[in-house]
Amino acid sequence: MSNIRGDGLFKIRGRIIYVHGTINGVFYRKSTGRKLTAATKQWMKKTNPLTVLAKILEVEDKVPEVSSDFETFGYMVLELTSSRRNTTSQADLIGLFKNRILPVFKKFSFEDIKPIDLIRFIEEQKKQVTNDRARRIKNTFSLILDYAVDDGLIQKNPMHAKTVSLIDFTYVPENTEAYNTDEISLILTNARGWFKIFLDLSFKLGLRSGEAMGMKWSDIDFETGKFQLQRSITKGVITEHTEFTKSNKDHYRKIQIFPESLLLLKAYYDVRPSDDWLFINKDGRYYRESKTIVDYHLKPLLKKIGVKYKTLYGTRRSYASIMYYGGENMNNIQEVMGHSTGSCVTKKHYIDPRILKQEHDMKRAEKSEELFNMMVKS
């Protein structure tokens, strides 16, 4: 091969050795197919990178230019970084890139991607998916752009622009009504089978719908009565979480199950329809969307017992409101619900005074009177 020039160097990506260099005036980056080991470290010290690159290209004067288009490069980055994720998360990121990012940016060159393009794109994603998913799309895109910077395809990552960083991913729930105490009693009394367990846990643990759908038997310690919440299902996508997962929703937390709920779970375990998932549909699969549960289970039950439909998410508001007006410490409520300690979101968007009846107001007044009389002689 003629006219081999350029410094040439080896780079490690995901423990795979890549060779970079310029041949015939064209810059290339190629995998050597070798993994990083003690032996290959010595091989890199003794070997000329450009010689290795020339052998990989296998032709003398008609070397094809390595593709650095957006699509090819994006898939390469996700593959190179796959060791950071489990199989489910890796498939999820590839899906986000293929189905969300590529349809918009496939024909862009890296230099053409501007902050304003990213802002439009992310804001549009927020209209179509949850804020958590939109944030994950943004982070996936940013990872690819970071590698583009490292490889000299662009000078700086436009995702790091100040205007892009100002995009708000804060979740503000719809102002739906909570189920009041009488309605909850009717619902739990009349629910049957697996759906009774589903609603019991939703009302008593303040679970998000996707968190309840994602429960597995392996998450429950029947000895201690604790439930390790670590996954959520949204629009068919299972998202696994660890203590290191960064999200504006805390889906990874340990919750103490109410004693009565634990007894229900033990009874349900004896007739469990699945050894893996707590709740499965008629096809034997986990529920992919809460809409299925609402349309085929919740709404028919509410119609039968004469209770107004207030969304499935209303169970979460009911939990927050009951515990708050019952005297539970706000920090404890937020810990169970997966809210940040001290966040104003809990009280502003979840506490609903409409759950209270006159008798509850009277009991609260009696408690307040006891406190007052304890401090003041009158």
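Residues numbered from 1 in each chain as written. Predicted model: local features only at pLDDT ≥ 70, side-chain atom pairs only at ≥ 80, totals over all residues. Heavy atoms only, no water.

Participant: Just give me the short version of the side chain of Lys204, but keep the residues and values in it.
Facilitator: Tracing the backbone shows Lys204 in helix H9 (residues 193-205). With relative accessibility at 18%, the residue Lys204 sits in the buried group. A polar atom in the side chain of Lys204 sits 2.9 Å from the side chain of Asp200. Each residue touching Lys204, except ones within four places of it in the same chain, is listed here: Leu188, Phe258, Glu260, Ser261 and Tyr319. (Helix = DSSP H or I, 4+ residues; strand = E, 2+ residues; numbered from the N terminus. Buried < 20%, exposed > 50% of the residue type's maximum accessible area, 1.4 Å probe, protein only. Polar contact = N/O pair within 3.5 Å; in protein donor to acceptor, adjacent residues only side chain to side chain. Contact = heavy atoms within 4.5 Å.)

Participant: Give a detailed account of the pattern of salt bridges, specifying residues and quantitative values.
Facilitator: Summed over the entire model, instances satisfying the criterion amount to 22 salt bridges. The partner of Glu177 in a salt bridge is Lys308, with the nearest N and O atoms 3.4 Å apart. Taken together, the positions of Glu177 in the loop between helix H7 (162-165) and helix H8 (181-190) and Lys308 in the loop between helix H12 (290-305) and helix H13 (314-325) put the pair 131 residues apart, joining distant regions of the chain. Linking Arg231 and Glu240 is a salt bridge whose minimum nitrogen-to-oxygen distance equals 3.3 Å. Note on Glu240: relative accessible area 25%, which makes it partly exposed. Several salt bridges share partner residues, and in doing so they unite Glu177, Glu183, Lys308, Lys310, Asp352 and Arg354 into one network. (Salt bridge = Lys/Arg side-chain N within 4 Å of Asp/Glu carboxyl O.)

Participant: Explain a nonpolar patch on the surface residue by residue, including any values.
Facilitator: On the surface, a cluster of nonpolar side chains totalling about 560 Å² of accessible area is made up of Leu371, Phe372, Met374, Met375 and Val376. Position of Val376 among the secondary structure elements: in the segment after helix H16 (358-375). (Patch = residues over 30% accessible without salt bridge, like charges linked within 9 Å, V, L, I, M, F, W, Y side chains within 5 Å. Areas by Shrake-Rupley, 256 points an atom, 1.4 Å probe, with all protein chains shown as cover.)

Participant: Describe the environment of Val237, and please don't skip the residues or the numbers.
Facilitator: In this fold, Val237 is placed in strand S7 (residues 237-240). Assessed through its relative accessible area of 22%, Val237 is described here as partly exposed. Val237 sits 60 residues away from Glu177 along the chain, and the two C-alpha atoms are 27 Å apart.

Participant: Please provide a residue-by-residue account of the pairing of strand S6 (residues 231-234), values included.
Facilitator: Of the pairings in the sheet, the one linking S6 to S7 comprises four bridges and is antiparallel in character. Within the sheet, the bridge partner assigned to Arg231 lies in S7 and is Glu240. Linking two consecutive strands that pair antiparallel, namely S6 and S7, is a turn of two residues; a positive phi of about 50° is found at Lys235 within it. (Pairing = 2+ DSSP bridges.)

Participant: Pulling in residues and values, what's your account of the pairing of strand S5 (residues 226-229)?
Facilitator: Where strand S4 (residues 220-221) and S5 come together, two bridges link them in antiparallel fashion. Among the inter-strand pairings, Ile220 is bridged to a residue of S5, identified as Phe227. As defined by bridge partners, S5 adjoins strand S8 (residues 253-256) across four bridges and the pair is classed as antiparallel. When the bridges of S8 are listed, Phe227 appears paired with Ile255.

Participant: So what's going on with the side chain of Asp219? Which residues, and what values?
Facilitator: If you trace the backbone, Asp219 turns up in the loop between helix H10 (209-213) and S4. Classification of Asp219 as buried rests on a relative accessible area of 4%. Here Gln230 takes part through its side chain, which lies 2.8 Å from a polar atom of the side chain of Asp219. One polar contact links Asp219 to Arg231, side chain to side chain, over a distance of 2.6 Å. Those residues within four positions of Asp219 in sequence are excluded, and the remaining contacts are Gly214, Lys226, Phe227, Gln228, Gln230 and Arg231.

Participant: For the nonpolar core, give the residues involved together with the corresponding values.
Facilitator: One recurring pattern in soluble globular proteins is that nonpolar side chains are buried together. Within the largest apolar cluster, 53 residues are counted, with the highest numbers of intra-cluster contacts made by Ile187, Phe198, Leu199, Leu201, Leu207 and Phe279. Broken down by secondary-structure element, the contributors of at least two residues to this core are H8, H9, H10, S5, helix H11 (259-270), H12, H13 and helix H14 (330-337). Examining the composition of this core, we find that eight residues originate from one element, H9, more than from any other. Counting residues in each nonpolar core, the second largest holds 32 residues, with Leu78, Leu102, Ile119 and Leu143 among its members. (Core = buried A, V, L, I, M, F, W, Y, C linked by side-chain atoms within 4.5 Å.)

Participant: Any details on the packing of H9 against H13? Residues and values, ideally.
Facilitator: With their axes 6 Å apart at the nearest point, H9 and H13 run at an angle of 45° to one another. The orientation of H9 relative to H13 falls into the category oblique. Contact residues: H9 offers Ser202, Phe203, Lys204 and Leu205, while H13 offers Thr315, Ser318 and Tyr319. Looking at the contact of H9 with H13, its residues break down into three nonpolar, three polar and one charged. (Axes fitted to C-alpha atoms, helices over the stretch in contact; angles between N-to-C directions. Parallel < 35°, antiparallel > 145°, perpendicular 65-115°, else oblique. Nonpolar A, V, L, I, M, F, W, Y, C, P; charged D, E, K, R; others polar.)

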